[in-house]
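# Report on the structure
Each chain, letter by letter, is given below.
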Amino acid sequence: MATETHGAEHATEGTGLVFHPMDQFIVKPLFGHGDVGLFTITNVTLWLFLAIVAIVLLMVVGTSRRAIVPSRSQSVAELAYGFVYKMVEDVTGKDGLKYFPYIMTLFMFIVFANFLGLIPMAFTTTSHFAVTVPLALAVFIGVTVLGFVKNGPGFLGLFWVSSAPLALRPILAIIEVISYFVRPMSHSIRLAGNVMAGHAVIKVFAGFAALAAVSPISILAITAMYGLEVLVAFIQAYVFTILTCVYLKDALHPSH
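Residues numbered from 1 in each chain as written. Predicted model: local features only at pLDDT ≥ 70, side-chain atom pairs only at ≥ 80, totals over all residues. Heavy atoms only, no water.

## Looking at the overall build of the protein chain
Helix and strand counts for the protein chain come out as seven helices and zero strands. Taken from N to C terminus, the helices and strands of the protein chain fall in the order α-α-α-α-α-α-α. Here the C-alpha atoms of the protein chain give a radius of gyration of 23 Å, more than 25% beyond the 18 Å that 2.2 N^0.38 yields for 256 residues. Along the first, second and third principal axes, the C-alpha set of the protein chain runs to 70 × 60 × 40 Å. Within the protein chain, the proportion of its 256 residues that are buried is 37%. The contacts of the protein chain with a sequence gap of at least 6 include a subset with a gap of at least 24, amounting to 70%. (Helix = DSSP H or I, 4+ residues; strand = E, 2+ residues; numbered from the N terminus. Rg over C-alpha atoms; globule rule 2.2 N^0.38 Å. Buried < 20%, exposed > 50% of the residue type's maximum accessible area, 1.4 Å probe, protein only. Contact = heavy atoms within 4.5 Å.)

In structure tokens form, the structure reads like this:
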């Protein structure tokens, strides 16, 4: 039995199918080797920094001239600004527009981090819970504090479904409280999970591309998945942002 297992492993290595799809998510020191400490500059640090630089280049440098006939960068910046502004206004109402700068920053950071992660040999920072969880917690804590500041004890009306029959209201209140505290978990897992899954599938197809018999199919699959991941990169930024707007609306107008 041991001989058969060894022979199977040897055959697998011979076909070039030894690959590890999750290796692309390993956090490594940017300089040298060794353990990653609290202040170690890693590949995550680099790609987080590049996302910030890309945002500054588009939103600050690209719009600095403010030309009547906009350049491409200015057009993209204005389109992104208008898209998020309309989203915030439609979901939260006029009251939520004062929080637009924060929501715009969230959207731009996530969408740029996602798209930069699609560059070959890049590191996708939004595939790590260490990045998505703080983003989700910041939203959760922010809207919770805002809800109590704006409404006082009236914010608890968010958990009391007054339109339901009186006998069901306590049960629904418990469900509402649980679902409220699950928000940061679902908010962060949705983003990281979708990004990680797509990149892992592309890596798997790339591993099979080494086989001549299936390489054309693998290349087609990689192309299709890459196109899908471009769409997912934007959709996940949109979903994270619109959920933030929904949570903000609950904080501003908590009654059911």
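Next comes the rest of the description.
## A closer look at helix 2 (residues 43-61)
Each α-helix winds once per 3.6 residues, and so residues spaced three or four apart point in a common direction. An ideal rise of 1.5 Å per residue puts 27 Å on 19 residues; helix 2 measures up with 26 Å between its terminal C-alpha atoms. Restricting attention to buried positions, one finds in helix 2 the residues N43, V44, W47, A51, A54, I55 and L58. Summarising the axial view, the buried residues of helix 2 lie within an arc of 115°, below the 170-degree limit, and thus occupy one face. Seen from the open side of helix 2, the exposed residues pointing more than 90 degrees away from its buried face are F49 and V60. Buried positions along helix 2 lie against helix 3 (72-92), helix 4 (100-116) and helix 5 (129-151). Structurally, the start of helix 2 carries an N-cap: the backbone nitrogen of V44 is 3.2 Å from a side-chain oxygen of T42. (Expected span 1.5 Å × (residues − 1). Arc of directions from axis to C-beta. Polar contact = N/O pair within 3.5 Å; in protein donor to acceptor, adjacent residues only side chain to side chain.)

## Some points on the packing of helix 5 against helix 6 (residues 169-208)
Close contact between helix 5 and helix 6 brings their axes to 8 Å; oriented N to C, the two are set at 145°. Between helix 5 and helix 6 the crossing geometry is right-handed. Packed against helix 5, whose contacting residues are F129, T132, V133, A136, L137, V139, F140, V143 and T144, the element helix 6 presents Y180, F181, R183, P184, H187, S188, I189, L191 and A192 at the interface. The residue makeup of the contact of helix 5 with helix 6, split by class, is 13 nonpolar, four polar and one charged. (Axes fitted to C-alpha atoms, helices over the stretch in contact; angles between N-to-C directions. Left-handed = near helix turned anticlockwise from the far one by under 90°. Nonpolar A, V, L, I, M, F, W, Y, C, P; charged D, E, K, R; others polar.)

## Quick look at the confidence of the model for the protein chain
Looking at the protein chain as a whole, the pLDDT averages 86, with 91% of positions reaching at least 70. Ranking the elements of the protein chain by mean pLDDT puts helix 1 (residues 2-14) last, at 41, and helix 4 first, at 96. Below pLDDT 50 for its whole length, residues 1-16 participates in six contacts with residues either more than four positions away or in separate chains. (pLDDT = per-residue confidence, 0-100.)

## Comments concerning the pattern of salt bridges
All told, the structure shown has three salt bridges when counted by the stated rule. Across the salt bridge formed by D250 and R183, the nearest N and O atoms sit 2.6 Å from each other. Within this pair, whereas D250 is found in helix 7 (residues 215-252), its partner R183 is found in helix 6, the two being separated by 67 residues in sequence. Grouping residues by exposure puts D250 and R183 together as buried. (Salt bridge = Lys/Arg side-chain N within 4 Å of Asp/Glu carboxyl O.)

## Quick notes on the side chain of H128
Relative to the elements of secondary structure, H128 occurs in the loop between helix 4 and helix 5. In this view, H128 contacts F25, V27, F123 and A192; residues no more than four positions away in its chain are not counted.

## Regarding a nonpolar patch on the surface
A cluster of nonpolar side chains, F83, F115, Y226, L228, V230, L231, F234 and I235, forms an exposed patch at the surface whose accessible area comes to about 630 Å². Counting residues per element, the nonpolar patch draws most heavily on helix 7, at six residues. Take I235: it is sitting in helix 7. (Patch = residues over 30% accessible without salt bridge, like charges linked within 9 Å, V, L, I, M, F, W, Y side chains within 5 Å. Areas by Shrake-Rupley, 256 points an atom, 1.4 Å probe, with all protein chains shown as cover.)

## Considering unusual backbone geometry
Positive phi values are uncommon outside glycine, yet M121 reaches one of about 70°. Mapped onto the elements, M121 comes out in the loop between helix 4 and helix 5. Given a relative accessible area of 84%, M121 falls into the exposed group.

## Observations regarding the packing of aromatic side chains
Under the criterion given, the structure shown has 14 aromatic pairs. Seen from their ring centres, Y81 and Y85 are 6.1 Å apart, and the 15° between their planes marks the pair as stacked. Placement of both Y81 and Y85 in helix 3 is noted, with a separation of four residues, approximately one turn of the helix. Residue Y81 is classed as partly exposed on the basis of its relative accessible area of 42%. Assessed through its relative accessible area of 31%, Y85 is described here as partly exposed. When the centroid spacing of 6.3 Å and the interplanar angle of 75° are considered together, the rings of F155 and F159 count as edge-to-face. Both residues of the pair, F155 and F159, count as buried. Of the aromatic side chains, those joined through ring pairs into one cluster are F140, F148, F155, F159, Y180 and F181. (Phe/Tyr/Trp six-rings, centres within 6.5 Å; stacked < 30°, edge-to-face > 60°.)

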